[in-house]
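# Fold and geometry: a report
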Amino acid sequence: MPFGEIVCGSPGSGKSTYCYGKYQLFTALNRPISVVNLDPANDALPYPCAIDISSLITLNDVMEKHGLGPNGGMLYCMEYLEANYDWLEDRLKELGDDAYVLFDLPGQVELSTNHESMKNIVEKLTKSSFRLAAVHLCDAHYITDASKYVSVLLLSLRAMLQLELPHINVLSKVDLLSKYGDLDFNLDFYTEVQDLSYLENTLNAALSPRFAALNMAMISLIEDYSLVGFETLAVEDKNSMLNLTRVIDRATGYVFVPPSNSNQPPGTIEAHDAGPSIRPNTYALFSSAIGQMQGPGSNIRDVQERWIDAKEEYDAFEKKEWRKEGEMVRDEAARAGKIRERKAPTAESSDMQL
Ligand SMILES: Nc1nc2c(ncn2[C@@H]2O[C@H](COP(=O)(O)OP(=O)(O)OP(=O)(O)O)[C@@H](O)[C@H]2O)c(=O)[nH]1
Ligand SMILES: [Mg+2]
């Protein structure tokens, strides 16, 4: 049964970068992954692409041929993809039953909030036995302003109701948060969508009384349904990526057990007596998907400490560790080179053997 993620979110929220980051992480972990580009305007793809909508239709062609602007053209492309769903289906079948597929969507939010084509495509994928989760990225920058945070909450709720999939909202680019000054509340207030009435003072200070009241009415609607929550993501941070992966695996029910003959993942230390029979359990990092969430980055207070409260100290520490690691790799390579030199038969010794 193939699994996958519908990666959606507003323009520039980091969808394509996330797909590339996940491709690199999974490749290092020997975990299957294929990326499907469904953005017909994406002409500089950062990742190796298994299926590219551009070989079916491109935004430029549509704009030229039908005299449409970029946004109308994008909706046309999605309707065209829906009408030609068999094109996508045939290519997905070629990826096999064990595929794990990331669908990189365009940034137009209406595609995941009110336009029907993407919803219909998702329905068709689910019917063809795909187990999917929606990963909805929102730029973390929006939590620095109360009224923008309210609109991100509404947008996330709307996407959840539209796509009808197991849904994970993500505040992306948390590594940049400290640049925008102090937050009004701790990070967990925003991710856990705790008692939002605390936003009242901030909204009253920033908006006219009528708009502040409207925002408060929207807040109470969001609280009534208590559906929205957020994970966090800093795409270049391995712990952050692993934590988000665990959350998504949990939502889809994916359990990864590498084949018994799989190689040891790079950077891990081989136990002396680790034969092939115990290897899958040793390296099945994700087989605990249904277990407790643990590990660095799984606690939101740690995320706050890493990226907001003590970012500079952590950055300096990581830099030092990378330097050490680099030196170790260099020394190891030099040592291996010397051993190879010693082992290589000289012309004289070869003659003697003959
Ligand atoms: N610092 C930081 N930058 C990020 C992160 N994720 C993405 N970016 C940057 O954000 C910018 C936009 O990223 P994209 O991946 O192109 O965003 P997108 O959502 O695919 O954009 P569209 O396809 O245009 O909707 C790029 O400059 C990325 O390098 C992150 O976690 N941290
Ligand atoms: Mg993109």
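Under the annotation held in an unreviewed UniProt entry, the protein carries the name GPN-loop GTPase 2 and is attributed to Galerina marginata. In its Function (unreviewed entry) section, UniProt records this for the protein: "Small GTPase required for proper localization of RNA polymerase II and III (RNAPII and RNAPIII). May act at an RNAP assembly step prior to nuclear import." Recorded in UniProt under Sequence similarities (unreviewed entry), the annotation for the protein is "Belongs to the GPN-loop GTPase family."

## Structural notes on the overall build of the protein
Summing up its helical and strand segments, the protein has 15 helices and seven strands in all. The 354 residues of the protein split such that 33% are buried. Considering only contacts within the protein whose residues lie at least 6 apart along the sequence, 75% involve residues at least 24 apart.

## Here's the deal with the nonpolar core
Core analysis: the biggest nonpolar cluster contains 71 residues, and I6, V7, V135 and V170 have the highest contact counts within it. In terms of residue count, the dominant contributor to this core is helix α7 (residues 146-163) (nine residues).

## Regarding the site of ligand 1
Neighbouring ligand 1 are 17 residues, the closest being G14, S16, T17, G107 and V235. Residue contributions to the shell around ligand 1 peak at three residues, all from helix α1 (residues 15-28). Taken together, the residues of the shell around ligand 1 sort by class into five nonpolar, eight polar and four charged.

## Structural notes on the pairing of strand β5 (residues 131-139)
If a strand is regular, its side chains alternate between the two faces of the sheet. The element β5 is largely enclosed, with a buried count of seven among its nine residues. In the sheet, strand β1 (residues 3-9) pairs with β5 via seven bridges, with the strands oriented parallel. Paired with I6 across the bridge in β5 is A134. Sheet topology places β5 next to strand β6 (residues 167-172); six bridges connect them, and they run parallel. Across the sheet, residue H136 finds its bridge partner in β6, namely N169.

## Here's the deal with the pairing of β6
Of all the six residues making up β6, six are buried; the element is thus mostly covered by neighbouring parts of the structure. Of the two faces of β6, the one carrying H167, N169 and L171 and the one carrying I168, V170 and S172 are both buried. Considered for its hand, the β-α-β crossover made up of β5, α7 and β6 is right-handed. As defined by bridge partners, β6 adjoins strand β7 (residues 231-233) across three bridges and the pair is classed as parallel. Paired with V170 across the bridge in β7 is E231.

## Considering the environment of V303
Secondary-structure assignment places V303 in helix α13 (residues 300-309). Assessed through the 26 C-beta atoms surrounding it within 10 Å, V303 is described here as buried.

## Here we look at helix α10 (residues 209-225)
In an α-helix, one full turn covers 3.6 residues, which means residues spaced three or four apart are oriented alike. Its 17 residues give α10 an end-to-end C-alpha distance of 25 Å, which sits within 8% of 24 Å, the value for a rise of 1.5 Å per residue. Among the residues of α10, those classed as buried are A212, N215 and I219. Around the axis of α10, the buried residues are gathered within 60° of arc, so they sit on the same side. Facing away from the buried surface of α10 by more than 90 degrees, the exposed residues are R210, A217, S220, L221, D224 and Y225. If you follow the buried residues of α10, they end up packed against α7 and α9 (199-206). S226 occupies a position one or two residues after α10 and carries a positive phi of about 35°.

## Considerations on helix α11 (residues 238-252)
Taking 1.5 Å as the rise per residue, α11 with 15 residues should run 21 Å; its terminal C-alpha atoms sit 21 Å apart, in good agreement. Among all positions in α11, only S240, M241, N243, L244, T245, R246, I248 and D249 are buried. Of the surrounding secondary structure, the elements contacted by the buried residues of α11 are β1, α1, β5, β6 and β7.

Conventions and cut-offs
Residues numbered from 1 in each chain as written. Chains lettered and ligands numbered in written order. Predicted model: local features only at pLDDT ≥ 70, side-chain atom pairs only at ≥ 80, totals over all residues. UniProt positions renumbered as here; feature names shortened; annotations may be inferred. Helix = DSSP H or I, 4+ residues; strand = E, 2+ residues; numbered from the N terminus. Buried ≥ 20, exposed ≤ 12 C-beta atoms within 10 Å, placed from the backbone. Contact = placed C-beta atoms within 7 Å. Core = buried A, V, L, I, M, F, W, Y, C linked by C-beta atoms within 7 Å. Near = placed C-beta within 6 Å. Nonpolar A, V, L, I, M, F, W, Y, C, P; charged D, E, K, R; others polar. Pairing = 2+ DSSP bridges. Right-handed = clockwise from strand over helix to strand, strands pointing away. Expected span 1.5 Å × (residues − 1). Arc of directions from axis to C-beta.

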